[in-house]
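# Analysis of the macromolecular model
Chain by chain, the residues run as shown.
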Amino acid sequence: MEIRNDWTREEITEIYNMPIMELIYKAATVHREYNDPSEVQVCTLLSVKTGGCPEDCAYCPQAARYHTDVKVHKLMEVGEVLEAANNAKINGSTRFCMGAAWREVRDNKDFDKVLEMVKGVNSMGMEVCCTLGMLSEEQANKLKDAGLYAYNHNLDTSDEFYEEIISTRTYDDRLDTLGNVRKANISVCSGGIIGMGEDHKDRVGMIHTLATMTEHPESVPVNALVPVEGTPLEEQPRVSVWEMLRMIATARITMPKAMVRLSAGRVRMNTEEQALCFMAGANSIFAGDKLLTTPNPEVNEDKELFQTLNLKPRESFKGAAAVKFEQIPQH
Ligand code: SAM
Ligand code: DTB
Ligand code: SF4
């Protein structure tokens, strides 16, 4: 199958609604054509600045306006972050992603510190990723110069449903930041969340936006909502594995080369359910007992998962993206 950027919503809707076994089979077939199906990338997340965020994202425990159990923490020190990165590396992670509860990056001392963190993690031979909110072109260039490999900025849902979830910024703001990341030649990580009360057409809409970008994101996280007490979405029912599978498979079929990341929501999935997600083309996970603020499976449970399913952790800086982003594997 060729890589396409001209998908129509109708075509994506048809894929998304295929009988589930046919859908998984098709996604698994595309996956084999472009990727090694026994390889799964292990990434670690660290919240380097937690809580107190001025935005109103309805799903997020870090928004200052909701009363959640999250404790506000100012930006961590560079040394502490590098220690955490080193631990992640020892535990087998090849990508380290630092998240900050910011609306946008500001040109201040905190940003200078983040640039130091990026330099440090990059020099450890891990793919370094950040998710810091909105970015200007100049800020993206500074991150690139510091050695940033990837930037995560999720579309979260469709253009139409976005305003039901977030009012403090627009879908176009999100797309502008993704454009700035691209221009700076940083690899793009962008996906979304299911289970926020959106319709199937919103899920298709989000994939359509990603899959019709001139260049697909190199990485597409699929999160199941983690409903957190105190947020407006605290009562949302759990999404079923079949819904996760439809998202993962549709992302895999429409964006064959992307890393499709089975992100938030794994704590509530058993080995069989996660195995189906890998079958449907997911080839990356977050490891470590915490995501940003919510729980994730224990490191040992994931080691067992990899053993049971005979999965191989993927090396860092592998494949076409590494050549494009001028990084070489260091072993
Ligand atoms: N503040 C930055 C931003 O919004 O881009 C970066 C950090 S933010 C926490 C990163 C992403 O985490 C969000 O875009 C959202 O997709 C995801 N996320 C946050 N809370 C979540 C939840 N309760 N369940 C699932 N995903 C969540
Ligand atoms: C993404 O798509 N999921 C990760 C990462 N990118 C930054 C974050 C999930 C956060 C889940 C809620 C929390 O732990 O605070
Ligand atoms: Fe802030 Fe990001 Fe949470 Fe939105 S998702 S409230 S921008 S930390």
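The structure contained in this document is the topic of the report that follows. (Residues numbered from 1 in each chain as written. Chains lettered and ligands numbered in written order. Predicted model: local features only at pLDDT ≥ 70, side-chain atom pairs only at ≥ 80, totals over all residues. Heavy atoms only, no water.)

### Side note on the packing of aromatic side chains
For the structure shown, the criterion picks out one aromatic pair. Between Tyr162 and Tyr171 the ring centres are 5.2 Å apart and the planes differ by 70°, which places this aromatic pair in the edge-to-face class. Judged by its relative accessible area of 5%, Tyr171 falls in the buried class. Stacked on the ring of Trp7, the Lys or Arg Arg4 has its end atom at 4.1 Å from the ring centre. Between Arg261 and the ring centre of Phe286, over which it is positioned, the NZ or CZ distance is 5.3 Å. (Phe/Tyr/Trp six-rings, centres within 6.5 Å; stacked < 30°, edge-to-face > 60°. Buried < 20%, exposed > 50% of the residue type's maximum accessible area, 1.4 Å probe, protein only. Lys NZ or Arg CZ within 6 Å of the ring centre and 35° of its normal.)

### Focus: the site of ligand 3
Surrounding ligand 3, one finds Cys53, Glu55, Cys57, Tyr59, Cys60, Ala63, Ala101, Trp102 and Arg169. Here the shell around ligand 3 is composed, by residue class, of seven nonpolar, no polar and two charged. (Near = heavy atom within 4 Å. Nonpolar A, V, L, I, M, F, W, Y, C, P; charged D, E, K, R; others polar.)

### As for the packing of helix H8 (residues 200-211) against helix H9 (residues 241-254)
At a minimum axis separation of 10 Å, H8 and H9 run at an interaxial angle of 25°. With respect to their mutual orientation, H8 and H9 come out roughly parallel. With respect to the hand of their crossing, H8 and H9 are arranged in right-handed fashion. Within the contact between the two elements, H8 uses His200, Arg203, Met206, Ile207 and Ala211 and H9 uses Glu243, Met247, Thr250, Ala251 and Thr254. The residue inventory of the contact of H8 with H9, partitioned by class, reads five nonpolar, three polar and two charged. (Axes fitted to C-alpha atoms, helices over the stretch in contact; angles between N-to-C directions. Helix = DSSP H or I, 4+ residues; strand = E, 2+ residues; numbered from the N terminus. Parallel < 35°, antiparallel > 145°, perpendicular 65-115°, else oblique. Left-handed = near helix turned anticlockwise from the far one by under 90°. Contact = heavy atoms within 4.5 Å.)

### Details of the nonpolar core
Tyr59, Met98 and Leu143 are the most contacted members of the largest nonpolar core, which has 94 residues in total. Among the elements that take part in this core, H9 stands out by supplying eight residues, more than any other. Setting aside chain neighbours within four positions, we find Leu143 in contact with Phe111, Val114, Leu115, Val118, Leu132, Leu135, Leu148, Tyr151 and Ile186. (Core = buried A, V, L, I, M, F, W, Y, C linked by side-chain atoms within 4.5 Å.)

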